[in-house]
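Next come the chains, spelled out residue by residue.
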Amino acid sequence: ETGVTQSPTHLIKTRGQQVTLRCSSQSGHNTVSWYQQALGQGPQFIFQYYREEENGRGNFPPRFSGLQFPNYSSELNVNALELDDSALYLCASSNHGANYGYTFGSGTRLTVV
Amino acid sequence: AQSVSQHNHHVILSEAASLELGCNYSYGGTVNLFWYVQYPGQHLQLLLKYFSGDPLVKGIKGFEAEFIKSKFSFNLRKPSVQWSDTAEYFCAVNALYGNKLVFGAGTILRVKS
């Protein structure tokens, strides 16, 4: 089975710009969650997508938005980038309601300058 | 709201020493519990999980964890660590049928050879 793949692996953006991060879920998984991991902290839940709709959201502003496609892949979009958005962004896939765990990708390291 | 507390941010051990990493969570309902490991430069990997049944859970690479419901704890243990166990360890919880993982801040383990 294929794991979770994320692209790009690294990205440098300027404050105020917009960024799109991409995630392909593990084969057989229909749900994608996004997490932000700031330096020295544990991952923080941004939101989850199931059936192409947002299925729960953490404490992140509306400039963080997402999409899920029919093949279960997903995008995370961040508008009006701020310096504090610099972090590792992790994608995790799972099966809705199955609760047997989440498979994480290697993440995208975003640096905002 | 759920929260997870990991007792130590940095732990240094010599090879063959025993390991115990503390994890306490705050949530009044039924939870699923996880330990993830992040080796340097790699993605989060699931070490073990608890959903129900025997509170002593065995995972990969000789790790085990014990769920003590009365103490809201899920401590990770290994009888004898190896240099290759050097990594960051994260405890995480999600509510039964919940849609997000709540992570602790992580414990960085360094094993001296």
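I will try to describe carefully the structure that is included in this document. (Residues numbered from 1 in each chain as written. Chains lettered and ligands numbered in written order. Predicted model: local features only at pLDDT ≥ 70, side-chain atom pairs only at ≥ 80, totals over all residues. Heavy atoms only, no water.)

**Let's talk about the overall build of chain B**
Stage number 1. Along chain B, the regular secondary structure elements total zero helices and twelve strands.
Stage number 2. From first element to last, N terminus to C terminus, chain B shows the α and β order β-β-β-β-β-β-β-β-β-β-β-β.
Stage number 3. Relative to its length of 113 residues, chain B is compact, with a C-alpha radius of gyration of 13 Å against a globular reference of 13 Å.
Stage number 4. Projected onto its principal axes, the C-alpha positions of chain B cover 40 × 25 × 20 Å. (Helix = DSSP H or I, 4+ residues; strand = E, 2+ residues; numbered from the N terminus. Rg over C-alpha atoms; globule rule 2.2 N^0.38 Å.)

**Describing the pairing of strand E5 (residues 31-38) of chain B**
Residues and elements named next belong to chain B.
Stage number 1. The element E5 is largely enclosed, with a buried count of eight among its eight residues.
Stage number 2. Because side chains alternate across E5, one face comprises the buried residues Val-31, Leu-33, Trp-35 and Val-37, and the other comprises Asn-32, Phe-34, Tyr-36 and Gln-38, equally buried.
Stage number 3. One ladder, built from eight bridges, connects E5 with strand E10 (residues 87-95); its direction is antiparallel. Looking at E10, one finds that Asn-32 is bridged to Asn-94.
Stage number 4. Here five bridges tie E5 to strand E6 (residues 45-50), and the two strands are oriented antiparallel to one another. Pairing of Val-37 across the sheet is with Gln-45, part of E6. (Buried < 20%, exposed > 50% of the residue type's maximum accessible area, 1.4 Å probe, protein only. Pairing = 2+ DSSP bridges.)

**Section: the interface of chain B and chain A**
Stage number 1. Between chain B and chain A, the residue contacts involve 20 residues of the former and 21 residues of the latter.
Stage number 2. Taken over both partners, the interface formed by chain B and chain A buries close to 1,500 Å², and the fraction arising from carbon and sulfur atoms is 54%.
Stage number 3. Linking chain B with chain A are zero salt bridges.
Stage number 4. Going through the elements one at a time, E5 and E10 of chain B are the ones with two or more residues in the side of chain B that touches chain A.
Stage number 5. Element by element, the count of residues in the side of chain B that touches chain A is highest for E5(B), at four residues.
Stage number 6. When the residues that make up the side of chain B that touches chain A are grouped by side-chain class, the tally is ten nonpolar, eight polar and two charged. (Contact = heavy atoms within 4.5 Å. Buried area = accessible area lost by both parts, 1.4 Å probe. Salt bridge = Lys/Arg side-chain N within 4 Å of Asp/Glu carboxyl O. Nonpolar A, V, L, I, M, F, W, Y, C, P; charged D, E, K, R; others polar.)

**Details of the state of the cysteines**
Cysteine pairs can be linked by a disulfide, which is a covalent bond between their two sulfur atoms.
Stage number 1. Tallying each qualifying case throughout the model produces two disulfides over all chains.
Stage number 2. Here A:Cys23 connects covalently by a disulfide to A:Cys91, the sulfurs 1.8 Å from one another. On the S-S bond that ties A:Cys23 to A:Cys91, the torsion sits near -65°, and the link is left-handed. Remark: A:Cys91 occurs in strand E9 (residues 87-94) and A:Cys23 occurs in strand E3 (residues 19-24); sequence separation between them is 68 residues.
Stage number 3. Its relative accessible area of 2% is what places A:Cys23 among the buried residues.
Stage number 4. Note on cysteine connectivity: B:Cys23 is disulfide-linked to B:Cys91, with sulfurs 1.9 Å apart. (Disulfide = S-S within 2.5 Å.)

**Here we look at the nonpolar core**
Stage number 1. One finds B:Leu33, B:Trp35, B:Leu47, B:Leu48, B:Phe74, B:Leu76 and B:Tyr89 to be the most contacted residues of the largest nonpolar core, which totals 29 residues.
Stage number 2. Counting residues in hydrophobic clusters, the runner-up holds 20 residues, among them A:Val19, A:Tyr49, A:Leu81 and A:Ala87. (Core = buried A, V, L, I, M, F, W, Y, C linked by side-chain atoms within 4.5 Å.)

**Observations regarding the packing of aromatic side chains**
Stage number 1. Taken as a whole and judged by the stated rule, the model has 16 aromatic pairs over all chains.
Stage number 2. Residues A:Tyr35 and A:Phe104 carry aromatic rings whose centres are separated by 5.7 Å and whose planes lie at 50° to one another, so their mutual orientation is tilted. One end of the pair, A:Tyr35, is in strand E4 (residues 31-37); the other, A:Phe104, is in strand E10 (residues 103-104), and 69 residues separate them in sequence.
Stage number 3. Classification of A:Phe104 as buried rests on a relative accessible area of 3%.
Stage number 4. Seen from their ring centres, A:Tyr35 and B:Phe103 are 5.8 Å apart, and the 85° between their planes marks the pair as edge-to-face. With one member in each of two chains, A:Tyr35 in strand E4 and B:Phe103 in strand E11 (residues 102-103) form a pair that bridges those chains. (Phe/Tyr/Trp six-rings, centres within 6.5 Å; stacked < 30°, edge-to-face > 60°.)

**Quick look at the pattern of salt bridges**
Stage number 1. Per the counting criterion, the structure on display carries eight salt bridges over all chains.
Stage number 2. In this structure, A:Arg57 and A:Glu54 form a salt bridge, with 3.0 Å as the shortest nitrogen-oxygen distance.

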